[in-house]
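Below, each chain spelled out in residue letters.
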Amino acid sequence: MATLAEKLIVAPGSKFKLGKLDADRTFGVQKAAAARKLERNIERLSELQYRLYAEARRAVLVVLQGIDAAGKDGTIRHVMTGLNPQGVRVTSFKVPEGEERRHDYLWRIHRACPEWGSIGIFNRSHYEDVLVVRVHNLAPKSVWSKRYRQINEFERSLSECGVTILKFLLYISKEEQAKRFEERLDDPSKNWKFSAADSRERDYWDAYLDAYDEMLEKCSTQYAPWYVIPANRKWFRNLAVSDVIAGVLERMKLEFPKPATDLSAVKIT
Ligand code: ADP
């Protein structure tokens with residue numbers, strides 16, 4: 001039987017229609033069972049991260065993308081909660097400014113890539129350069145259309161150098177987004193998260209779907225696959241992301257380094 005990760009991965013080169021996805025889908029997983037599994041996954045992640053850190057020869061890069069309010073921040077908070085902060089770095093990519101604007105679009109991305117032994121988490125990423133940039137014509141098509149290939153080449157070289165890349169697209173329905181925006185307006189503790197600009201982006205919903213579809217078709221690769229996560233239910237989203245990351249880290253066969261000297265001969269005086 002296919003694992004959850006196998007059900008969520010986008011097969012390289014396959015056509016994807018995000019608009020047809022049921023964002024409520026939970027693949028038969030029940031909420032109570034998911035909570036227990038999430039707890040176990042958090043423990044697994046903590047143990048695996050420890051090995052990755054000890055080994056210090058490779059790195060893991062987790063890319064999170066999603067429409068506004070899809071839950072990128074919440075995923076980081078809930079799934080990464082057991083990780084040792086020494087070995088993890090979250091980078092949030094905003095509208096490029098200053099020095100970033102004086103370089104190619106991958107410059108700030110490469111600089112933020114995780115060092116050996118650590119996990120890098122991108123809250124938004126180089127994919128903004130084929131999403132928001134495309135939807136709002138921030139660059140001409142002749143420029144952004146080449147980026148799918150450039151991104152694949154960049155990710156291929158990262159992966160060949162020892163960076164394991166996992167990419168998650170969190171997908172919520174337009175109705176769920178409206179509900180979350182309403183909450184941001186109604187709940188004083190969430191007011192700060194509301195931005196009128198985000199709600200204006202709703203007018204571009206279909207253009208974003210087209211941009212996501214092309215990104216998934218062109219940039220889900222063997223070496224850096226996309227996983228599409230139905231994210232209306234936060235508990236399922238957290239379980240799914242934690243399951244995929246733990247599974248991938250397990251397959252890396254992370255080993256503690258062998259001691260450089262014969263430890264049995266060491267005497268602590
Ligand atoms: P978030 O929504 O991620 O919590 P912000 O509200 O500050 O954080 O939004 C960041 C904004 O930066 C988003 O609207 C995003 O589309 C935009 N952005 C990120 N990267 C780029 C880019 N390369 N070009 C243009 N806009 C970008």
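Structure: see above.
Predicted, not measured: the structure shown is a model, and the values here were computed from it.

Another aspect to go through is the overall build of the chain. Helix and strand content of the chain: 11 helices and five strands. Within the chain, the fraction of its 269 residues that count as buried is 48%. Within the chain, counting contacts between residues at least 6 apart in sequence, those at least 24 apart form 83% of the total. Carbon and sulfur atoms make up 51% of the accessible area of the chain, which totals about 14,400 Å².

Before going further, it helps to spend a moment on the environment of Val-63. Positionally, Val-63 belongs in strand β1 (residues 59–66). The exposure class assigned to Val-63 is buried, which follows from its relative accessible area of 0%. Once the C-alpha coordinates of Val-63 and Ile-245 are considered, the two residues, 182 residues apart in sequence, prove to be 11 Å apart. Dropping the residues within four chain positions of it, Val-63 is found in contact with Phe-122, Ser-125, His-126, Tyr-127, Leu-166, Lys-167, Phe-168 and Trp-226.

At a minimum axis distance of 10 Å, the contact between helix α3 (residues 72–79) and helix α11 (residues 234–251) shows a crossing angle of 65°. Note on packing geometry: the crossing formed by α3 with α11 is right-handed. Contacts between α3 and α11 involve Gly-74, Thr-75, His-78 and Val-79 from the former and Arg-237, Asn-238, Val-241 and Ser-242 from the latter. Per-class residue counts for the contact of α3 with α11 are two nonpolar, five polar and one charged.

Looking now at α3. Residues lying three or four places apart along an α-helix face the same way, a consequence of the helix completing one turn every 3.6 residues. Burial in α3 covers these residues: Lys-72, Gly-74, Thr-75, Ile-76 and Val-79. Buried-residue contacts for α3 involve α2 (31–55), β1, β2 (88–92), β3 (119–123), β4 (163–171) and α11.

The next point concerns the nonpolar core. The biggest cluster of nonpolar side chains holds 76 residues, and the ones touching the most others in it are Val-62 and Phe-168. Per-element accounting of this core gives the leading share, nine residues, to α11. With residues near it in sequence (within four places) discarded, Val-62 still touches Met-80, Ile-119, Gly-120, Ile-121, Phe-122, Leu-166, Phe-168 and Ile-245.

Throughout the structure, instances matching the rule amount to nine aromatic pairs. A ring pair is formed by Phe-27 and Phe-236, whose centres lie 5.9 Å apart and whose planes are at 25°; its orientation type is stacked. Of this pair, Phe-27 sits in the loop between α1 (4–8) and α2 while Phe-236 sits in helix α11, and the two are 209 residues apart along the sequence. Ring geometry for Trp-144 and Tyr-148: centres 6.5 Å apart, planes at 85°, overall edge-to-face. A relative accessible area of 2% means that Tyr-148 is categorised as buried. Members of the aromatic cluster, connected to one another through ring pairs, are Phe-27, Trp-235 and Phe-236. In this structure, Arg-147 is placed above the aromatic ring of Tyr-105, and the distance from its NZ or CZ to the ring centre is 4.3 Å.

Turning next to the site of the ligand. Lining the immediate surroundings of the ligand are Asp-68, Phe-93, Lys-94, Val-95, Pro-96, Arg-108, Arg-124, Glu-128, Asp-129, Val-132, Val-133 and Leu-138. Note that an oxygen atom of the ligand is positioned 2.6 Å from one of the side-chain N or O atoms of Arg-124. With respect to the ligand, the side chain of Glu-128 contributes an N or O atom lying 2.8 Å from an oxygen atom. Notes on the ligand: free accessible area 570 Å², of which the protein chains cover 74%.

Before going further, it helps to examine the pattern of salt bridges. In the structure shown here, the tally under the stated rule is 20 salt bridges. Across the pair Arg-108 and Glu-100 runs a salt bridge whose closest N-O atoms are separated by 3.3 Å. Each of the salt bridges in this network shares a partner with another, and the network as a whole consists of Glu-55, Arg-57 and Arg-58.

This brings us to a nonpolar patch on the surface. On the surface, a cluster of nonpolar side chains totalling about 350 Å² of accessible area is made up of Leu-263, Val-266 and Ile-268. Inspection of the secondary structure puts Leu-263 in the segment after α11.

It is worth spelling out the environment of Ala-59 at this point. Along the chain, Ala-59 turns up in strand β1. Residue Ala-59 is classed as buried on the basis of its relative accessible area of 0%. With 61 residues separating them in the primary sequence, Ala-59 and Gly-120 have C-alpha atoms 7.8 Å apart. Not counting residues up to four positions away in its chain, the partners in contact with Ala-59 are Pro-114, Glu-115, Trp-116, Gly-117, Ser-118, Gly-162, Val-163, Thr-164 and Met-252.

Between helix α7 (residues 147–161) and helix α10 (residues 205–219), the least distance of the axes is 10 Å, while the angle of their chain directions is 45°. In terms of orientation, α7 and α10 fall into the oblique class. Regarding α7 and α10, the two cross each other, and that crossing is right-handed. Contacts between α7 and α10 involve Tyr-148, Ile-151, Asn-152 and Glu-155 from the first element and Glu-214, Met-215, Lys-218 and Cys-219 from the second. For the contact of α7 with α10, the residue count by class is four nonpolar, one polar and three charged.

What counts as what
- Residues numbered from 1 in each chain as written.
- Predicted model: local features only at pLDDT ≥ 70, side-chain atom pairs only at ≥ 80, totals over all residues.
- Heavy atoms only, no water.
- Helix = DSSP H or I, 4+ residues; strand = E, 2+ residues; numbered from the N terminus.
- Buried < 20%, exposed > 50% of the residue type's maximum accessible area, 1.4 Å probe, protein only.
- Contact = heavy atoms within 4.5 Å.
- Areas by Shrake-Rupley, 256 points an atom, 1.4 Å probe, with all protein chains shown as cover.
- Axes fitted to C-alpha atoms, helices over the stretch in contact; angles between N-to-C directions.
- Left-handed = near helix turned anticlockwise from the far one by under 90°.
- Nonpolar A, V, L, I, M, F, W, Y, C, P; charged D, E, K, R; others polar.
- Core = buried A, V, L, I, M, F, W, Y, C linked by side-chain atoms within 4.5 Å.
- Phe/Tyr/Trp six-rings, centres within 6.5 Å; stacked < 30°, edge-to-face > 60°.
- Lys NZ or Arg CZ within 6 Å of the ring centre and 35° of its normal.
- Near = heavy atom within 4 Å.
- Polar contact = N/O pair within 3.5 Å; in protein donor to acceptor, adjacent residues only side chain to side chain.
- Salt bridge = Lys/Arg side-chain N within 4 Å of Asp/Glu carboxyl O.
- Patch = residues over 30% accessible without salt bridge, like charges linked within 9 Å, V, L, I, M, F, W, Y side chains within 5 Å.
- Parallel < 35°, antiparallel > 145°, perpendicular 65-115°, else oblique.

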